[in-house]
Structures are given as C-alpha cells and as structure tokens.
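# Remarks on the overall topology
The chain contents come next:
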Amino acid sequence: MFTAIPVPLLRTALALLLVLLAACASSPPLEPDQTETGELPDNAAEYLDRAARQMDGQPREQILLAAGESALEEGNPEAATELLTMLRESMDDMDPESTLYLRSLLLEGDVLSQAGEPAAALRTLNTLPAPRWQAASETLYRQWLEQRIRTLLELDQHLAAVRDHIALGTVLPEEQRQASRNRIWEILTAIPAARLENTTPGADSYELRGWLELLTMTRSRPDNIEDQISIIEQWRNRWNQHSAADVLPDALAYLVELWESRPTRLALLLPLQQRVGEAVLQGFMSAYYHALEQELDVPGVRIYDTSERSRVLTQYRQAVEDGAQLVIGPLDKEAVRALQRRSTSLPVPTLALNYTDNDLISPENLYQFGLAPEDDIRQLTRTARLNHHQLAAALTPAGGEYERIRELFEQRWQELGGEVINSSLYTGSDSYSTVLEQLLNVDSSQERADRVTALLPREEVSFIPRRRQDIDYLFLLASPEQGRQIAPTLDFFYAGDVPVHAMPSIHDGGADPGRNRDLDGILFTELPWLLEGGGALKQQLDATWPSASGAVQRLRALGIDSYRLHTRLGQLLNYPDTRMQGVTGTLALRGDGAIERIVPIARFSNGIATRLAPVSPDEALSPLRNAGR
C-alpha cells in the first residue's frame, strides 16, 4: 500500500530518474505522456518504485535515496518513510563501505528522529563506528556528527553531545569554530548541577575535561560575576592548550560587560499581607543575605507592599521615580497584564513574577517569570513521548484553573502527536471510585455482565470486571492526600499497571515514606530545590523561617531565583541559548520575554521522591570511543 508523494517531489525524483535511465543503455525509456506533459499516475509512489526497478544495481537505490532526502528537506516525513521502506529492501545487499549505505543510515536516523523515536535513531546512527564515517568523507562525517548531536540532545545526553561537538570542531573551517565553541557552552550550561557529578567517568579527553572544569568553576560562584571573571582567567592560564583558552565562548566573554552594567538598585513589589507574597519574600531575602554573608557585591533593595491591588501600578511608577534600575514584581497576574498592555517600552527592566495568558506582544523591558504549569506539562508530555506512549487519559479536579491545566495538557499532548482518549473530573474523595470506574470503562464491563446474566438460564455467572486496555498512561492533577486515595483505587479497578504522570502538587516536599508508599511508581515534575537538598542556603532558610509545605517551598524557590536573575537578565537576553541553573529548574529566556523552566522528573520509590537519571550514555559514547578520541 503506497501513500501519496507530493507532485513537486516526484517531478524532481523522476527528473533524476530520467538522467539515470539515459545513462543505462539497457533501460527502456519512460512513456512520453508521463514525462512531457508532467502528468503523474495516481499510484505515484508505486510508479516511482516500478520505474526504479527497471535499473540494474545501484542506480535504483540512488533514486530512492535522493527522493527520500528531498522529502525530508521539503517537510514531508511520511513520503520519506515510504521511500525508505522501499530502500530497505536493498539495504541488506548494500556494501557497508559504500557512500550509499552511509547516506541510507543518515536518512533512516533522520526519519526516526522526526517520528519521535530518538533512541531508535541513535541506534541506527551507531550501526557503524566513527572511523568508518571518517574514512568515507569529511562531508558524511560532519553530517553524521551533526545528526548525532541533535538526537543526543533529544535524549538529554548532554555530555555525549558535547563530545561529538568537540570531534566536529576538528573538521570545521576556522571561521565556523567559534560558533561551535558557543554551542558547546550552551549545551554544557543546560546540564543540571546534580548530573555533573556523574560526568567525570566520561571525560576521557583533554578538551572535554577542560570544558567540564570551566563549567564547574564558574558554577561555584553563581552569584558573583566578578569572581567568575577571575575564575575564568585562572582557568585560561591552567588550560592554555584548550581550544577555548584563546577565544572564550561569547557568553563568557560578555561577563565583563555584564558586571560593569549590573543594576545596583532594585525594587521588589510583593503583596506582603498575602501568604504567597510572604513566601517569595522569604526566598528573595534568604538569597540576598546568603550573598552578603559570602562578602559578595549586593545591590540596594527597596520593598513595596502591593497587597492593595488597585495601587500596584502606582507603586511601580513610584519605584521607578525612587531610582530603581530593575524592578522585580509585581506578582498579581492582572497587574502583569496591565504592564503588558503598555504600548511603549517600560522605563526599566522589569521581571514580573507571573505570566499572562494571552497572545499580546510584551513591550520592551518586560520579562515574565513564575511557576507556570505549562513548564511542567511540557516535561511530562516529552517524557511520555520518549517512553513511546500514544494514548492518554486525564484525571483532574473540577474547577476553572484545574480544568485550564487539563486543557493545556490535552493541547500539548495532541501537538506531540498523542491522543487523549478519555478525561474525567472529580469533586471529592467520595467521587474517586465512580469517576475512575467511568474513566476506565469498568462500568461498561459490568453492564455487559448484567446483560449476559439476564440472558443465560443460570442463577450465577462468574464474572471478573475488566478495564479498557488502550490507555498508555494517566495524566493526574492531585494533592498528596488525593493521590494516596486515587492510586489504590486504580489498583482496585485493575489499572495498577497504568503509568501515572502527575503535576508537582502530588509531592508535599517532605520526607514521609510511610504515608507516601501508596504513591510509589508515580512519575512527576519537581523543582531541584525540593529534590537536591539546596545546600547551605536551604539549611539557612529552614533555620530562619518555619518549615512549610511543598507549595510554600516552591514559592520560596521562586524568590531565590528572582534575586539571582537580576544580574543574569542581560546575559540571557544577549545569548538566548545560554541556560542558568536555578533552584526552580534550568532557566532560559524565550523570544517573547518569558523565562521558561526545564524541570526535573522524579518518581516515588519506597515512599521517597527520587530524581530520575537520564538513559545511560554508554551507547551514545561508544562510537566516538571506538574512534580513539
């Protein structure tokens, strides 16, 4: 069964086929009405394959390969897949040393990657070791490395991607090497701090060890740009043979300018009479005093209480008149919308602590940062796709904001090619059983049993209820208390084997293995602040402020990162691919002025929230290890 291939693509492919046929004296010509008029048969893919079969040996594979590559370039992976299927018939007979075979592996890897199968794509690219690609041609070797880098990043294999980039730099012309150094640094800054401890065994080259030491050293003083500048100079003296020693990545070279233009007067706008404002303030001031205790240069801070919503914009204007060079806040969503509706640039850079939910273009100097559920949904759905899930069910509480989150999930999942086959809302503990019974279609199973019982001349019919079998995973929005009741109910309805992906609200931030064992196996997103201890700053904050729930701890983390961002906005703005490791996640600035968080994935195991590690990089690294680099 052949699918439709676009006419422009077929004309290109057929033109190439004509050239190849003309070169083969034994090949019959194409019919005139199919070449001169430009008309193509309905079963075009079959026609292309049949025509290509008239050719002996390699030319048939060349035409199919060229057509498949063109299909991907023109944004038609379906056609590329069809042509690749035809090509695979001959791949077993191809010479593995041939350029044609190597190009076919690149095409297959690209098709798999675009189909959302990066792990399979990597296995295909690793079919042959690096020396085979190097021996073929510099062009193919570069294409192989570039494709591996893209695939490795899809799998969060940052170290392996850097290793490939180092290899790529050895075959790039001089004018392209700075861009490669910049990209290496961008990838390195995306590695979460918790994973750096596991990267040393893979650092088996001078270049890679140097890069990792540079990253570790600069991260050792995240709050002090002046110290980082000094640290970088020390690194350059020590690693004087490193490719980045003479010419630093642009984002690092920019630190001098960033330090000289840092804001020295901040305004903090928070609703101090509300619990959310108080929690953000606790985090902000903890980060501020922690920096002060380390004898770091800190700005002057003036705090404005915005508890009276009607006066928020008045207080914003007052903060600017008082000399603020950067404003952090407001926290109220409507106040952020009001700032966003301004037709002119804001007077000073402003880091709002909330996001608007509209499509308005933000004015210059407005940046938005917060704990948006979109960030968590993005990570959960991405993980689900990497785990080959396709059909989802959703279970969320009833209510406006909860239902908005469910709609965000459904939209994102469909964008990734998934399907939401059922969704349900619950209102309280008394509805879990009924709602889950309906969500899993167990009630339909019971109805069928009742009909059978009514028809059969028996007083008793043995019956075991069955749930629907087409759910790959369940998206869940619930509190810890709700989750502890929902998980056993899933078991009761024979759905204990269905993977559950939950929003961070499922985790209360505390360590209570006894109560949380009912949540075992549930996968969820969570801030590094609540998964990795937080170090000395966390200990100081917990000693200063009373213990708090997970929701309050997350708001404190927001306050910490809002303080640390005040010196980094310029860097994120000028080098948008740079990543900042924050306690709320890995932070990046989008083109619309919103700061996006990449948050870790965790799972309950024996009642304890444990951060999930990426897939082992051994397979990813092995081809280049075979090359002896």
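A brief report on the enclosed structure follows.

### Focus: the packing of aromatic side chains
Counted under the stated rule, the structure contains 14 aromatic pairs. Judged by centre distance (4.9 Å) and plane angle (50 degrees), the rings of Y206 and W239 are tilted. In this pair, Y206 is assigned in helix α13 (residues 206-219) and W239 in the loop between α14 (225-238) and α15 (243-246), connecting sequence segments 33 residues apart. Considering the side-chain rings of F409 and F475, the 4.1 Å spacing of their centres and the 5 degrees angle between planes classify their relative orientation as stacked.

### Topic: the side chain of T396
Structurally, T396 can be placed in strand β6 (residues 391-397). Residue class for T396 comes out buried when judged on its relative accessible area of 0%. The contact partners of T396, leaving out residues within four places of it in the chain, are Y402, R406, S424, L425, Y426, F475 and L477.

### Points about the pattern of salt bridges
The full count for this structure, using the stated rule, is 29 salt bridges. For the salt bridge of E334 with R341, the shortest nitrogen-to-oxygen distance reads 3.2 Å. In this structure, the salt-bridge partner of R404 is E374, at a minimum N-O distance of 3.6 Å. Within this pair, whereas R404 is found in helix α22 (residues 400-415), its partner E374 is found in helix α21 (residues 373-386), the two being separated by 30 residues in sequence. Look at R404 and you get partly exposed, because its relative accessible area is 24%. Taking the relative accessible area as the measure of exposure, E374 reaches 30% and is therefore partly exposed.

### Some thoughts on the packing of α21 against α22
How two helices sit against one another is set out by the angle between their axes and by the gap between those axes. One can describe the packing of α21 onto α22 by two numbers: an axis separation of 10 Å at closest approach and a directional angle of 40 degrees. Between α21 and α22, the angle is such that the two are oblique. For the crossing formed where α21 meets α22, the hand is right-handed. On α22, the residues touching P373, E374, I377, R378, T381, A384 and R385 of α21 are R404, I405, L408, F409, R412 and W413. Taken together, the residues of the contact of α21 with α22 sort by class into seven nonpolar, one polar and five charged.

### Overview of the nonpolar core
Judged by nonpolar contacts, the single largest core of 66 residues is most densely connected at W133, W144, W185, L188 and W211. If we skip the residues at most four places from it in the chain, W211 touches I166, R181, I184, W185, L188, H242, S243, A244 and P249. Formed by 42 residues, the second largest nonpolar core is a distinct cluster that contains V280, L351, L541 and I595.

### Considering the pairing of strand β8 (residues 473-476)
Neither face of β8 is exposed, since Y473 and F475 on one face and L474 and L476 on the opposite face are all buried. As defined by bridge partners, β6 adjoins β8 across four bridges and the pair is classed as parallel. Each residue of the ladder has a partner; that of A392, found in β8, is Y473. Summarising the sheet, β8 and strand β9 (residues 500-502) pair through three bridges and their orientation is parallel. When the sheet's bridge partners are listed, L474 is paired in β9 with V500. As for the winding sense of the linkage, the β-α-β connection from β8 through helix α25 (residues 480-492) to β9 is right-handed.

### Here we look at the sheet that holds strand β5 (residues 366-368)
If you trace the five strands from one edge of the open sheet to the other, you get β2-β1-β3-β4-β5, paired in parallel fashion. Since the sheet does not close on itself, it has two edges, and those belong to β2 (300-305) and β5, each with one partner. On average, each strand axis in the sheet is inclined to that of its neighbour by 20 degrees, with strand direction left out of account. Pairing of strand β1 (residues 265-270) with β2 involves six bridges; the strand directions are parallel. Residue pairing in the sheet places L268 in a bridge with I303 of β2.

Conventions adopted
Residues numbered from 1 in each chain as written. Predicted model: local features only at pLDDT ≥ 70, side-chain atom pairs only at ≥ 80, totals over all residues. Heavy atoms only, no water. Phe/Tyr/Trp six-rings, centres within 6.5 Å; stacked < 30°, edge-to-face > 60°. Helix = DSSP H or I, 4+ residues; strand = E, 2+ residues; numbered from the N terminus. Buried < 20%, exposed > 50% of the residue type's maximum accessible area, 1.4 Å probe, protein only. Contact = heavy atoms within 4.5 Å. Salt bridge = Lys/Arg side-chain N within 4 Å of Asp/Glu carboxyl O. Axes fitted to C-alpha atoms, helices over the stretch in contact; angles between N-to-C directions. Parallel < 35°, antiparallel > 145°, perpendicular 65-115°, else oblique. Left-handed = near helix turned anticlockwise from the far one by under 90°. Nonpolar A, V, L, I, M, F, W, Y, C, P; charged D, E, K, R; others polar. Core = buried A, V, L, I, M, F, W, Y, C linked by side-chain atoms within 4.5 Å. Pairing = 2+ DSSP bridges. Right-handed = clockwise from strand over helix to strand, strands pointing away.

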